[in-house]
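Overview (structure and organization)
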Amino acid sequence: MQIFRHRTEIGVVVQKFRKIGLKIGFVPTMGALHQGHLSLVDKALKENERVIVSIFVNPTQFDNADDLTNYPRQVDQDVELLKTLNTKNIIVYAPTVADIYQDAIRSEHYTFGGLEHEMEGQFREGHFNGVATVVRRLLEIVKPDKAYFGEKDFQQLQIIRLLVEQLGMAVEIVGCPIKREPHGLAMSSRNSRLTKVERQEASLIYRILLDSKVKFGTKSAGEVTNWVVRQFYKHKHLKLEYFIIADTSTLKPVKRKSKKKKYRAFIAAFAGDVRLIDNIALN
């Protein structure tokens, strides 16, 4: 499996693929890979002749310095995991911060019609500017035909779709279903930091989302939200940051349900000091 650390090197590889007419899939990650990442790579392999997987912990999307410091970094293990899928058609791009940001580690400013101010945008200042900055740079370096993102970060997925549209980039953004652990917890690199008790308690998040979906069929968004808040009061290892039922297209909280609109429930909670997010389609 080829591993490249510099944009010039990966650029040469991309040119070679383009010259012989190969389709390129791209899966951007921050490493600490798990089966959720592998499901994205597997889909990309089925739809493209070559797949580039980036492994880069992006400093500009962290609003918490401790979270950036504690984020797991294990490139060698990640590469070994990717080899279980394919050793020939996957290329790893593991750049340094200097390779991505050159002279200045800073975010560019973007506007996404208000999407960036909802949910995660309210609690993580500057987060989506950081995400958009690094995704734009990676897409410009890799120049893929398709790029794959998980629906666990649904707000991020919608923003990246808008980013590509605004910039007129010739890449298809593909959203992929959430991959879950056996007890329902959405797979995340942060899960490795959970204690055994915290991991067990965190499985409640998905159960609450499932129950919320059922309740949303007969109750208002406000009633469902109040019920969710009460459930979290019962569990000392979990702390709810937000629960929001939003319009799928605008991500704005629903005030009155309409049969003509699609809704999702979004949740962010802490298990100990580990922040977890999840979401589910409601209709």
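The structure we're discussing is the one just above.
Residues numbered from 1 in each chain as written. Predicted model: local features only at pLDDT ≥ 70, side-chain atom pairs only at ≥ 80, totals over all residues. Heavy atoms only, no water.

**What to know about the side chain of Asp-247**
Here is the rule we go by: Each helix corresponds to a stretch of at least 4 residues labelled H or I by DSSP, and each strand to a stretch of at least 2 residues labelled E; elements are numbered beginning at the N terminus. Burial classes follow relative accessibility: with a 1.4 Å probe on protein chains only, a residue under 20% of its type's maximum area counts as buried, one over 50% as exposed, and anything between as partly exposed. Here Asp and Glu are counted as negative and Lys and Arg as positive; His is not counted, and neither are the chain ends. In what follows, salt bridge is the name for a side-chain nitrogen of Lys or Arg lying within 4 Å of a carboxyl oxygen of Asp or Glu. Think of a polar contact as two N or O atoms within 3.5 Å of one another; within protein, one of them needs to be a possible hydrogen donor and the other a possible acceptor, and neighboring residues in sequence only count if both atoms come from side chains.
Structurally, the position occupied by Asp-247 is in strand 7 (residues 238–247). Of the buried charged residues, Asp-247 lacks a salt bridge, with Lys-261 as the closest side chain of opposite charge at 4.1 Å. A polar side-chain atom of Asp-247 sits 2.6 Å from a polar atom in the side chain of Ser-249. Of the polar contacts made by the side chain of Asp-247, one reaches the backbone nitrogen of Thr-250; its length is 3.4 Å.

**Quick look at the sheet that holds strand 8 (residues 263–271)**
For clarity, the threshold we go by: In short, DSSP must find at least two bridges between two strands for them to pair. Orientation is described by lines fitted to C-alpha atoms, with helices fitted over the stretch in contact, and by angles between N-to-C directions that extend from 0 to 180 degrees. In what follows, a contact means two residues having at least one pair of non-hydrogen atoms within 4.5 Å.
One open sheet accounts for three strands, arranged 7-8-9; its pairing is antiparallel. Both outer strands of the open sheet, strand 7 and strand 9 (274–281), are each paired with one neighbouring strand and no more. Here the average twist between neighbouring strands, direction ignored, is 15°. Helix 11 (residues 221–233) contacts strand 7 and strand 8 of the sheet and is inclined by roughly 165° relative to strand 7.

**Things to note about the pattern of salt bridges**
Evaluated as defined, the whole model comprises 17 salt bridges. Two residues, Asp-42 and Lys-46, come together in a salt bridge whose shortest N-O distance is 3.2 Å. Of this pair, Asp-42 and Lys-46 both sit in helix 2 (residues 35–47), four residues apart, which is roughly one turn of that helix. Lys-46 gets classed as exposed once you look at its relative accessible area, which sits at 68%. Here Arg-275 ties to Glu-120 by a salt bridge, and the two come within 2.8 Å at their closest N and O atoms. Of this pair, Arg-275 sits in strand 9 while Glu-120 sits in helix 6 (residues 120–123), and the two are 155 residues apart along the sequence. Both residues of the pair, Arg-275 and Glu-120, belong to the buried class. Here the salt bridges do not stand alone but share partners, grouping Glu-108, Arg-136, Arg-137 and Glu-140 into one network.

**Observations regarding the packing of aromatic side chains**
Note the threshold: Here a pair means two rings of Phe, Tyr or Trp (six-membered ring of Trp) with centres within 6.5 Å. Their orientation is stacked below 30 degrees between planes, edge-to-face above 60, and tilted elsewhere.
For the coordinates displayed, the defined rule picks out six aromatic pairs. Relative to Tyr-101, the ring of Phe-56 lies with its centre 6.4 Å away and its plane at 40°, an arrangement referred to as tilted. Of this pair, Phe-56 sits in the loop between strand 3 (50–55) and helix 3 (65–70) while Tyr-101 sits in helix 5 (residues 97–101), placing them 45 residues apart in sequence. For Tyr-101, a relative accessible area of 2% gives the class buried.

**A look at the pairing of strand 3**
Heads up, the rule is: With strands facing away from the observer, any crossover in which the path from the first strand over the helix to the second runs clockwise is taken as right-handed.
When you tally the buried positions in strand 3, you get six out of six residues, the bulk of the element. Burial along strand 3 is two-sided: the residues Arg-50, Ile-52 and Ser-54 and Val-51, Val-53 and Ile-55 are all buried. Direction of pairing for strand 2 (residues 24–29) relative to strand 3: parallel, over a ladder of six bridges. Each residue of the ladder has a partner; that of Gly-25, found in strand 3, is Val-51. On the question of chirality, the crossover connecting strand 2 to the parallel strand 3 by way of helix 2 is right-handed. Pairing geometry for strand 3 and strand 4 (residues 90–93), over four bridges, is parallel. If you follow Val-53 over to strand 4, its bridge partner there is Val-92.

**Some remarks on the packing of helix 7 (residues 127–142) against helix 8 (residues 154–167)**
The line we're drawing: Each angle gets one of four labels, with under 35 degrees taken as roughly parallel, over 145 as roughly antiparallel, 65 to 115 as roughly perpendicular, and the rest as oblique. Rotating anticlockwise by less than a right angle from the far helix to the near helix defines a left-handed crossing, while the corresponding clockwise rotation defines a right-handed one. Amino acids outside the nonpolar list (Ala, Val, Leu, Ile, Met, Phe, Trp, Tyr, Cys, Pro) and the charged list (Asp, Glu, Lys, Arg) are all regarded as polar, and Gly is one of them.
Viewed as axis vectors pointing N to C, helix 7 and helix 8 meet at an angle of 55°, and their least axial separation amounts to 10 Å. Relative to helix 8, helix 7 is oriented oblique. The two elements helix 7 and helix 8 meet at a crossing, and its hand is right-handed. For the pair formed by helix 7 and helix 8, the contact residues are Phe-128, Val-131, Ala-132, Val-135, Arg-136 and Leu-139 on the first element and Gln-155, Gln-156, Ile-159, Ile-160, Leu-163, Val-164 and Leu-167 on the second. Its residues assigned to classes, the contact of helix 7 with helix 8 shows 10 nonpolar, two polar and one charged.

**What to know about the sheet that holds strand 2**
Overall, parallel pairing links the six strands, which are arranged 1-4-3-2-5-6 in an open sheet. In the strand order of this sheet, the two ends are held by strand 1 (2–4) and strand 6 (172–176), each with one partner. Pairwise comparison of adjacent strand axes, ignoring direction, gives a mean angle of 25° for this sheet. Here two bridges tie strand 2 to strand 5 (residues 146–150), and the two strands are oriented parallel to one another. By the bridge assignment for strand 5, Gly-25 is matched with Lys-146. Along the sheet, helix 2 contacts strand 2, strand 3, strand 4, strand 5 and strand 6; its crossing angle with strand 5, the most-contacted strand, is approximately 155°.

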